[in-house]
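Tertiary structure, described
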Amino acid sequence: MCGDARPEHVGETMTLAGWAARRRDHGGLVFVDLRDRSGVTQLVINPELAPEAAELAHSVRNEFVLRAEGDLVARSPETVNPNMATGEVELQVRSLEIVSRSTPLPFQLDEENVDETLRLRYRWLDLRRDKLQRNIRLRAQMVGIIRREMEAAGFLDIQTPILFKPTPEGARDFVVPARLQPGRFYALPQSPQILKQLTMVAGFDRYYQIAICFRDEDLRADRVQEITQLDVEMSFPDQEFLFQTMERMYARIWRECLGIEIETPFPRMTFAEADRRFGSDKPDTRFGLELEDATEATRGSAFGVFAGAEAVRFLRVPQELSRGDLAKLEEVAKEWGAKGLAYLVYDAEGEVRSPIAKFLSERELERFAGEPSSTVLFAADTWATTSRVLGALRLHLGRELGLIDEAAFTFLWVTDFPMFERDEDEGRWTAVHHPFTRPTDAWKDRFHEDPANALAHAYDLIVNGNELGGGSFRIHEPEIQARVFDLLGLGPEEQRTKFGFLLDALAMGAPPHGGIALGIDRMTMVLAGEPNLRDVIAFPKNQAGVDPMSGAPSEVTPQQLDELGIRLAPPPGRTPS
Ligand code: ASP
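Residues numbered from 1 in each chain as written. Predicted model: local features only at pLDDT ≥ 70, side-chain atom pairs only at ≥ 80, totals over all residues. Heavy atoms only, no water.

This part covers the side chain of Arg 286. Examined against the element boundaries, Arg 286 turns out to sit in the loop between α7 (271-278) and β12 (292-293). Taking the relative accessible area as the measure of exposure, Arg 286 reaches 18% and is therefore buried. Side-chain polar atoms of Arg 286 contact the side chain of Asp 284, separated by 2.7 Å. (Helix = DSSP H or I, 4+ residues; strand = E, 2+ residues; numbered from the N terminus. Buried < 20%, exposed > 50% of the residue type's maximum accessible area, 1.4 Å probe, protein only. Polar contact = N/O pair within 3.5 Å; in protein donor to acceptor, adjacent residues only side chain to side chain.)

Volume-wise, the second largest pocket comes out at about 980 Å³. Taken together, 36 residues make up the lining of the second largest pocket; nearest its centre are Arg 35, Leu 109, Arg 128, Arg 129 and Asp 130. Sorting the residues of the lining of the second largest pocket by element identifies β1 (13-25), β2 (30-36), β3 (39-45) and α4 (130-152) as the ones contributing at least two each. At six residues, α4 tops the list of elements feeding residues into the lining of the second largest pocket. Residue composition of the lining of the second largest pocket, grouped by class: eight nonpolar, eight polar and 20 charged. (1 Å grid on protein atoms, 1.4 Å probe; cavity = no way out; pocket = protein on both sides within 12 Å on 5 of 7 lines; lining within 4 Å. Points joined across faces, edges and corners; volume = space filled by probe spheres on them. Nonpolar A, V, L, I, M, F, W, Y, C, P; charged D, E, K, R; others polar.)

Moving on, we get to the sheet that holds strand β14 (residues 342-346). Strands sit in the order β12-β13-β16-β14-β15 across an open sheet of five strands; the sheet is antiparallel. Each having just a single partner strand, β12 and β15 (352-353) make up the two edges of the open sheet. (Pairing = 2+ DSSP bridges.)

Right, let's get into helix α14 (residues 520-528). Burial analysis of α14 places eight of its nine residues in the buried class, which makes it a mostly covered element. For α14, every residue scored as buried is listed here: Ile 520, Asp 521, Met 523, Thr 524, Met 525, Val 526, Leu 527 and Ala 528.

Glancing now at the nonpolar core. Counting residues in each nonpolar core, the largest one holds 37 residues, and the members touching the most others are Leu 230, Tyr 250, Ile 253 and Leu 518. Those elements that provide at least two residues to this core are α4, β10 (226-235), α6 (239-258), β17 (411-415), β20 (458-463), β21 (466-473), β22 (513-519) and α14. The greatest single-element share of this core, amounting to nine residues, is contributed by α6. Setting aside anything within four residues of it in sequence, one finds Leu 230 in contact with Ile 146, Met 150, Tyr 208, Gln 209, Ile 210, Met 246, Met 249, Ile 516, Ala 517, Leu 518 and Ile 520. With 24 residues, the next largest nonpolar core counts Ala 20, Ala 53, Leu 66 and Leu 91 among its residues. (Core = buried A, V, L, I, M, F, W, Y, C linked by side-chain atoms within 4.5 Å. Contact = heavy atoms within 4.5 Å.)

To continue, consider the packing of helix α5 (residues 193-201) against helix α13 (residues 492-506). Taken N-terminus to C-terminus, the directions of α5 and α13 make an angle of 20°; their axes are 10 Å apart at the nearest point. As summarised for this structure, α5 and α13 are arranged roughly parallel, according to the angle between their axes. Between α5 and α13 lies a crossing of left-handed hand. For the pair α5 and α13, the contacting residues are Ile 194, Gln 197, Leu 198 and Val 201 in the first and Phe 499, Phe 501, Leu 502 and Ala 505 in the second. (Axes fitted to C-alpha atoms, helices over the stretch in contact; angles between N-to-C directions. Parallel < 35°, antiparallel > 145°, perpendicular 65-115°, else oblique. Left-handed = near helix turned anticlockwise from the far one by under 90°.)

Here we come to the packing of α6 against α14. Interaxial distance between α6 and α14 falls to 11 Å at its minimum, and their mutual angle equals 45°. By the angle between their axes, α6 is oblique relative to α14. Here α6 runs over α14; the crossing is right-handed. Between α6, through Tyr 250, Ile 253, Trp 254, Cys 257 and Leu 258, and α14, the contact on the second element is made entirely by Met 523, Val 526 and Leu 527.

Glancing now at empty space enclosed by the protein. Leftover empty space is mapped by rolling, across the atoms, a probe with the size of a water molecule. A full pass over the atoms with the stated rule returns one cavity of 30 Å³ or more. Of the pockets and cavities examined, the largest cavity occupies roughly 50 Å³. Every residue lining the largest cavity is listed: Met 419, Phe 420, Ala 431, Val 432, His 433, His 434, Pro 435, Phe 436, Thr 437, Ala 456 and Val 484. The class makeup of the residues in the lining of the largest cavity is eight nonpolar, three polar and no charged.

Peptide bonds are trans in most cases, and residues, glycine excluded, mostly fall at negative phi. The linkage connecting Thr 264 with the following residue, Pro 265, adopts the cis geometry, with an omega of -10°. Cis peptide bonds are those with omega within 30 degrees of zero, and the linkage from Ala 552 to Pro 553 qualifies with 0°. Phi angles above zero are rare outside glycine, and Phe 236 is one such case at about 45°. Tracing the backbone shows Phe 236 in the loop between β10 and α6. Within the chain, Asn 464 stands out as a residue other than glycine whose phi angle is a positive 50°. With respect to the element layout, Asn 464 can be found in the loop between β20 and β21.

So, on to the site of the ligand. The ligand sits among 13 residues. The nearest are Glu 169, Gln 193, Lys 196, His 433 and Arg 474. A distance of 2.7 Å separates an oxygen atom of the ligand from a polar atom in the side chain of Arg 474. For the ligand, the accessible surface in isolation is 280 Å², of which the surrounding protein chains cover 92%. Broken down by secondary-structure element, the contributors of at least two residues to the shell around the ligand are α5, β21 and β22. (Near = heavy atom within 4 Å. Areas by Shrake-Rupley, 256 points an atom, 1.4 Å probe, with all protein chains shown as cover.)

Of the residues making up α7, those classed as buried are Ala 274, Asp 275 and Phe 278. With its buried residues spanning 105° around the axis, α7 presents them on a single face. Residues of α7 that are buried make contact with β11 (268-270), β13 (311-317) and α11 (383-400). Where α7 ends, the next residue or the one after it, Gly 279, has phi of about 65°, a positive value. (Arc of directions from axis to C-beta.)

Turning our attention to the environment of Glu 477. Among the secondary structure elements, Glu 477 is positioned in the loop between β21 and α12 (478-487). A relative accessible area of 14% places Glu 477 in the buried class. Between the alpha carbons of Glu 477 and Gly 509 there is a distance of 9.3 Å; along the sequence they are 32 residues apart. Every residue in contact with Glu 477, bar those within four places of it in the chain, is listed here: Arg 438 and Lys 444. A polar contact of 2.9 Å, which involves the side chain of Glu 477, links it to the side chain of Arg 438.

Tracing the backbone through its elements, the reader meets Phe 501 in helix α13. Taking the relative accessible area as the measure of exposure, Phe 501 reaches 30% and is therefore partly exposed. Between the alpha carbons of Phe 501 and Arg 286 there is a distance of 45 Å; along the sequence they are 215 residues apart. Leaving out residues up to four positions away in the same chain, Phe 501 has contacts with Phe 164, Lys 165, Ile 194 and Leu 198.

This part takes up the environment of Leu 43. Within the secondary structure, Leu 43 sits in strand β3. Its relative accessible area of 0% is what places Leu 43 among the buried residues. Distance from Leu 43 to Gly 3, taken between C-alpha atoms, is 12 Å for residues 40 residues apart in sequence. The contact partners of Leu 43, leaving out residues within four places of it in the chain, are Val 30, Phe 31, Val 32, Leu 34, Ala 68, Leu 91, Val 93 and Leu 96.

Take the pattern of salt bridges next. For the structure shown, the criterion picks out 42 salt bridges. A salt bridge links Asp 535 to Arg 119; the nearest nitrogen and oxygen atoms lie 2.7 Å apart. Here Arg 119 lies in helix α2 (residues 116-121) and Asp 535 lies in the loop between α14 and α15 (558-564), a separation of 416 residues in the sequence. Each of the two residues, Asp 535 as well as Arg 119, counts as buried. The salt bridge involving Lys 498 is made with Glu 494; its shortest N-O contact spans 2.9 Å. Taken together, the residues Lys 498 and Glu 494, both in helix α13 and four residues apart, mark about one turn of the helix. Taking the relative accessible area as the measure of exposure, Glu 494 reaches 31% and is therefore partly exposed. (Salt bridge = Lys/Arg side-chain N within 4 Å of Asp/Glu carboxyl O.)

Here's what the structure looks like:
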């Protein structure tokens, strides 16, 4: 291969094939960097030694496919390139063949900051770049390890259908018209959740799948509509076994892909603790800057904003922030729902500077007393809002003040999530994980009496503040499942039409079961240190859900619509002409 030539091969005759990455034509000698997936070797074509090859070499352009035969020779000391793995040698070409030509390129492979739409339009070229080659190979290596680990732990790869029924994971469904059943639609699975549960009822006891899940989301920078996940389920679930299997798998991925030993077992934290200390259900534990609570200390405060708030919490920043800094932080706080940002700034002498200091009692000031050169930032609001605001400020400050150890990987299990949350707009309860999630043993018989506080046997896996995925133990008793559906506002009829098959299955000898799903795309991003989600996917769509390469999604012919019995209405927002 082009990347393999070394000094010990000098004197050997070889044939190399690959792409012309770069050509330098000095009138006499022609140099071509020949590239394949393994690397680059320099070809030298000397018109005196190989006149025909030299003639041909003049017409070579970037990304032509070439085959070259010749002798490997040592480079003279002054032409050795220490930055290239093959930099001590070059191929003295005897014969050259242009195997395939290329039209002029829309961008050069070594060009930086190429517009992403252009890159996606010519993805086959884009994928030839080093970074994308590395990301896609890393992903394949990781998936290989995942499969080996899952099989070693006794999990069976079972494929589930893509054309199915809606599976609730909280997103919108993609639907596919069913030609053979006019007026009916399949939904693409948002996850194989119900199907994997059925594999448990069917007696397979340990299932896994590298599954594609379809979620018709409004796209944000870190979202795609087709996500790939490692999907796992087991009967008679044992949380320790499940966690250990995942930890062993991650340790091996990090060891084999990055040469890094990560520490296992991963630390664990309940949702309540994560929320209290970090204002987040996916805390970045690479740095401290934890939230503190002053609700008690400010009861009856002369400062009305504190006195009247459900919760008063604060962050202690180890720096004397300027007015300018504080104004910027207030903007961040407001984006996350704060009405304002109260603060106490302590200067180098420890003197406090703040518009609110005069309202605070001795006792309150003592509670907040900071080190010299520090700043206390407050949020006073509902508990949930203080979490959201201070959690966001914490992350912002962690980045701005350089508190984050960028080389670290901190894995964390977050456990004991709430079962339900209130959708205030629709005035109803929704499932935090999904409706098949089991209440903890303590809540099993009374979750419906106090849904706001009921806890689920659910867990998430976090790395560096990113949610890699999550799972739960499931409800295997049809009565409990029906009671959860009730609470979520699903009447008996709707339960039957949507989930009748699941309730029937649970009524025919369902073993206890539970599992997890972990995002492969996100995992690759963390592993590759790649901030762009689309750059860990070979053929991604853009943020509008469009593939600039093929033009998908595209229109269908009137005949196809006729066969489906579909007539198109004018696009929303436009009036018919
Ligand atoms: N089906 C869930 C999801 O896709 C994961 C699980 O509960 O196993 O998030």
